[in-house]
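Listed below, chain by chain, are the residues.
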Amino acid sequence: MGLEQSVPPTTDAGRAGLAEILRAPRDAVVALDFDGTLAPIVADPASARAHPDAAGALAALAPRVGSIVVVTGRPAALAVEYGGLDALTGVVVLGHYGAERWEAGELTSPPAHPGVERARAELAGVLAESGAPAGTWVEDKGRSLAVHTRRTEAPEETLALLRAPVGALAEAHGLVVEPGRLVLELRPPGVDKGAALTGYLRERGARSVLYAGDDLGDLAAFDAVERLRGEGVAGLLVCSGTVGDAPVKELADRADLVVAGPAGVVELLTALGAVLGAQA
């Protein structure tokens, strides 16, 4: 049974994307989000680690395709550490939505946006004045700031409470707010997964791409793949539906294939690597 039959995309565009990846894998890029896609979502982001079989699946697939790239809002070095990616060949990490790049053991990044430092100094006061309840906490990513509500008694209500004041703080310092699963992230404008992915695909001269993500921050990458289809780049869009939680509807509705969280993503990557290995 071929990969198209074992994990069939549900759309014509997705079927065409998978077919092109299988036809010319050296011209294909496999692009992946980290949290919720390669690693299960956890209450404390510092505890996140890639699925135990992820590194092996990536190691087997990397020699078969043009490139593998992890596109994440995390600092690139943390994604490398938490994913066990430093031991892999042929895997690139674009961190902070593409502001940082890790490749072959080297990390490159431009200076941080000055608005992040100013927002950092004021954020605690804004949260206190807004009545943020116990359990609200800030993850300082260096180049961005993430306000998490997952640990509060009413996470969705807290997110709604803080959306306006956090948005006002971001706007005052030239930043934008990226919403996610029970998180509001303040980051520089013009930096998103769509721009990072588009630039990387053009750099590589890719003729096809598989992109897998799980959250609202991945919508920009979905947008990019859909635009690039119009330019002749075949694409397969995969939604990682986190186990124990429903998939993000906005992503699932636009995906060509929905899989069962990081385990499902690893299963897909493993199957793809096996099929391409048999073709070689």
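In the block above lies the structure referred to throughout.
Conventions and cut-offs
Residues numbered from 1 in each chain as written. Predicted model: local features only at pLDDT ≥ 70, side-chain atom pairs only at ≥ 80, totals over all residues. Heavy atoms only, no water. Pairing = 2+ DSSP bridges. Helix = DSSP H or I, 4+ residues; strand = E, 2+ residues; numbered from the N terminus. Axes fitted to C-alpha atoms, helices over the stretch in contact; angles between N-to-C directions. Contact = heavy atoms within 4.5 Å. Buried < 20%, exposed > 50% of the residue type's maximum accessible area, 1.4 Å probe, protein only. Right-handed = clockwise from strand over helix to strand, strands pointing away.

**Q** Please clarify how the sheet that holds strand 5 (residues 106-108) should be interpreted in this entry.
**A** Strands belonging to one sheet form pairs held by backbone hydrogen bonds; the direction of such a pair is parallel or antiparallel. Ordered in space as 5-4-3-2-1-10-11-12, the eight strands form an open sheet in which the pairing is mixed. Every interior strand has two partners, whereas the edge strands, strand 5 and strand 12 (257-259), have only one. Shown here is a sheet whose adjacent strand axes are inclined to one another by a mean of 20°, direction ignored. Along the sheet, helix 4 (residues 76-83) makes contact with strand 3 (91-95), strand 4 (100-103) and strand 5, crossing strand 3 at roughly 135°.

**Q** It is not clear to me how the pairing of strand 1 (residues 28-32) should be interpreted in this structure. Could you clarify?
**A** Note on strand geometry: in a regular strand, side chains alternate between the two faces of the sheet. Across the five residues that make up strand 1, a large majority, five, are buried. Of the strand pairs in this sheet, strand 1 and strand 10 (residues 208-213) are connected by five bridges, and their pairing is parallel. If you follow alanine 28 over to strand 10, its bridge partner there is serine 208. By the bridge criterion, four bridges tie strand 1 to strand 2 (residues 67-71) in an arrangement that is parallel. Paired with valine 30 across the bridge in strand 2 is isoleucine 68. For the crossover that starts at strand 1, traverses helix 3 (residues 54-61) and ends in the parallel strand 2, the hand is right-handed.

On their own, these measurements won't tell you what the molecule is for.
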